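Spelled out, the chains give:
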Amino acid sequence: PDEGLLVPALVSADLGFKREILGRGAPDLTACYQCGTCSVVCPISTADNPFPRKEMIWVQWGLKERALGNSSIWLCHQCATCTAYCPRDAKPASLMAALRDYSIQHFAVPAFMGRAVSDPRFLPLLFAVPALIFLALLAALGHLGRLPEGPVVFSKFLPIIHIEIVFMAAMTLSGLGALAGGVRYWKAMTVHMGGDGRAPTQALVPTVLGILRHRKFGECRSRPAGTRQTFKEHLHPTHLAVFWGFLGLVATTTSVGIGIYAFGYLTPWPLWHPVKILGNASGAAVVGALLVFGYRRVADAERAGKSSYSDWLFLVVLGSTTLTGFLCQILRLADARGAAYPMYVVHLVFVFVLLVYIPYSKFSHLVYRTTAMLYAASAPPAKGAS
């Protein structure tokens, strides 16, 4: 065509995507009239990639790939400052949460796992898989109908080496799924935000340090736009408690493995052991934070935004994993053989559901938020960010 002619671009709207986002807790999008207040008051929105204003209009227009292929949906920490200051009560924070929820399923590899974990109809099947694995293992060991004699020692019921094999195999598959999902998201950002940027390895260390320090998350509290209540003021400290509590539990489990395989220091370990103290303190931090999360989600549901199925599934599974771990310890100390050993199997099932399904649950923010932060730190300014 002649250079003087303007050629209109073809925009393909995905109305099914728009309906799906609305079904995941996003508000009535017609309330937004693109005033830009949300991006102005956001404590961590940047000039080259402001949010959530553009995400609001992308979903209004049904621009699925554009909305999902952007780092901002995972850079958002859901502080809800945008919702608190929105003059039309369009609840942009709820839309960002819905986009994150949808993107987990969109980028999931294999795709059926993303659908299964996001749909409550598949919940019995998700729990049945690890339950059948451990029951089959007990049957093969001859322990399905017979409990070990003497004091309660869980390794006599289910030897640690067998548990290690099950989790190593399952976590390997899960890790490959997480890697594939992260790569798909990175490629989508490359297409829709522009350029590969410098090598992501250069930004890896600063990104990891930023995650450990929760620096950006902290800015949501340290740089408020004003004094309006967001009903998310608890988010930063409770998230820190869950984050460091979970890392403490991982460190505990790792230390136990090192103690067993490197030094022959068999479990159970005494309560006064430093590793045991770390595990109990970490578990208490997780449970305490989850209670606050749960209470605030119920008490502030209308003002802070509706919680999705994936939100509650994550809270329940993480809480149940921690609580069943405490129950195993209590029942072991009480020498309640008939309850301790079955509870141990229940605990292992919850651990499996929590860890193996990481790439497909709300816990997958470990994958996608890290990928978004890494891209933002290594890529050039986004195209069309205004």
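The model shown is predicted, which means the values in this text are computed figures rather than measured ones. (Residues numbered from 1 in each chain as written. Predicted model: local features only at pLDDT ≥ 70, side-chain atom pairs only at ≥ 80, totals over all residues. Heavy atoms only, no water.)

Regarding the pattern of salt bridges
For the structure shown, the criterion picks out 12 salt bridges. The partner of Glu219 in a salt bridge is Arg215, and the shortest N-O contact between them spans 3.5 Å. In this pair, Glu219 and Arg215 are both assigned in helix H13 (residues 215-222), 4 residues apart and thus about one turn of the helix distant. (Salt bridge = Lys/Arg side-chain N within 4 Å of Asp/Glu carboxyl O. Helix = DSSP H or I, 4+ residues; strand = E, 2+ residues; numbered from the N terminus.)

A few points about the packing of helix H1 (residues 15-23) against helix H7 (residues 92-107)
Close contact between H1 and H7 brings their axes to 9 Å; oriented N to C, the two are set at 115°. Comparing the axis directions of H1 and H7 gives the class roughly perpendicular. Between H1 and H7 lies a crossing whose hand is right-handed. For the pair H1 and H7, the contacting residues are Phe17, Glu20 and Ile21 in the first and Leu95, Ala98, Leu99 and Tyr102 in the second. (Axes fitted to C-alpha atoms, helices over the stretch in contact; angles between N-to-C directions. Parallel < 35°, antiparallel > 145°, perpendicular 65-115°, else oblique. Left-handed = near helix turned anticlockwise from the far one by under 90°. Contact = heavy atoms within 4.5 Å.)

Some words on the nonpolar core
Counting 48 residues, the largest nonpolar core has Phe134, Leu158, Leu318 and Tyr357 as the members making the most contacts within it. Put simply, the parts of the chain that give this core at least two residues each are helix H8 (111-118), helix H9 (123-141), helix H10 (154-157), helix H11 (160-193), helix H14 (235-263), helix H15 (274-299), helix H17 (309-333) and helix H18 (337-356). If near-sequence neighbours (up to four positions away) are discounted, Tyr357 is found in contact with Met113, Val117, Leu126, Val129, Pro130 and Phe352. Core analysis: the second largest hydrophobic core is formed by 44 residues, Leu29, Trp74, Tyr185 and Tyr375 among them. (Core = buried A, V, L, I, M, F, W, Y, C linked by side-chain atoms within 4.5 Å. Buried < 20%, exposed > 50% of the residue type's maximum accessible area, 1.4 Å probe, protein only.)

Looking at a nonpolar patch on the surface
A surface patch of nonpolar side chains, amounting to about 570 Å² of accessible area, comprises Leu204, Val205, Val208, Leu209, Leu212, Trp244 and Leu247. Secondary-structure elements contributing two or more residues to the nonpolar patch are helix H12 (201-213) and H14. Take the nonpolar patch: its biggest share by element is 5 residues, from H12. In this fold, Leu209 is placed in helix H12. (Patch = residues over 30% accessible without salt bridge, like charges linked within 9 Å, V, L, I, M, F, W, Y side chains within 5 Å. Areas by Shrake-Rupley, 256 points an atom, 1.4 Å probe, with all protein chains shown as cover.)

Concerning the environment of Ile133
Within the element layout of this structure, Ile133 appears in helix H9. Through-space distance from the C-alpha of Ile133 to that of Val349 is 9.2 Å; in sequence the pair is 216 residues apart. Beyond its immediate chain neighbours, meaning those up to four positions away, Ile133 contacts Val166 and Phe352.

Thoughts on the environment of Ala284
Relative to the helices and strands, Ala284 is located in helix H15. The sequence separation of Ala284 and Cys86 amounts to 198 residues, and the corresponding C-alpha distance is 37 Å.

As for the packing of aromatic side chains
On inspection of all chains with the given rule, the structure shows 17 aromatic pairs. With a centroid separation of 4.9 Å and an interplanar angle of 75°, the aromatic rings of Trp186 and Tyr375 are classed as edge-to-face. Taken together, the positions of Trp186 in helix H11 and Tyr375 in helix H19 (residues 365-378) put the pair 189 residues apart, joining distant regions of the chain. Tyr375 matches Trp186 in its accessibility class, with the two residues each being buried. Through a chain of ring-to-ring contacts, the aromatic side chains of Trp74, Phe107, Tyr185 and Tyr368 assemble into a single cluster. (Phe/Tyr/Trp six-rings, centres within 6.5 Å; stacked < 30°, edge-to-face > 60°.)

As for unusual backbone geometry
Cis geometry is found at the peptide bond from Phe51 to Pro52, where omega equals 10°. Considering the arrangement of structural elements, one finds Pro52 in the loop between helix H2 (37-41) and helix H3 (53-60). Following Val109, the chain continues to Pro110 via a peptide bond in cis, the omega torsion being -5°. Although it is not a glycine, Gln34 sits at a positive phi angle of roughly 60°. Secondary-structure assignment places Gln34 in the loop between H1 and H2.

What about the side chain of His236?
Examined against the element boundaries, His236 turns out to sit in helix H14. With residues up to four places along the chain from it excluded, the contact list for His236 reads His214, Phe217, Gly218 and Arg221.

Quick look at the packing of H9 against H11
Orientation of H9 relative to H11, taken along the N-to-C sense of each, is 145°, at an axis distance of 12 Å. As H9 runs across H11, the sense of the crossing is right-handed. Residues Ile133, Phe134, Leu137 and Leu141 of H9 form the contact with H11, whose participating residues are His162, Val166 and Phe167. In the contact of H9 with H11, the residues fall into 6 nonpolar, 1 polar and no charged. (Nonpolar A, V, L, I, M, F, W, Y, C, P; charged D, E, K, R; others polar.)

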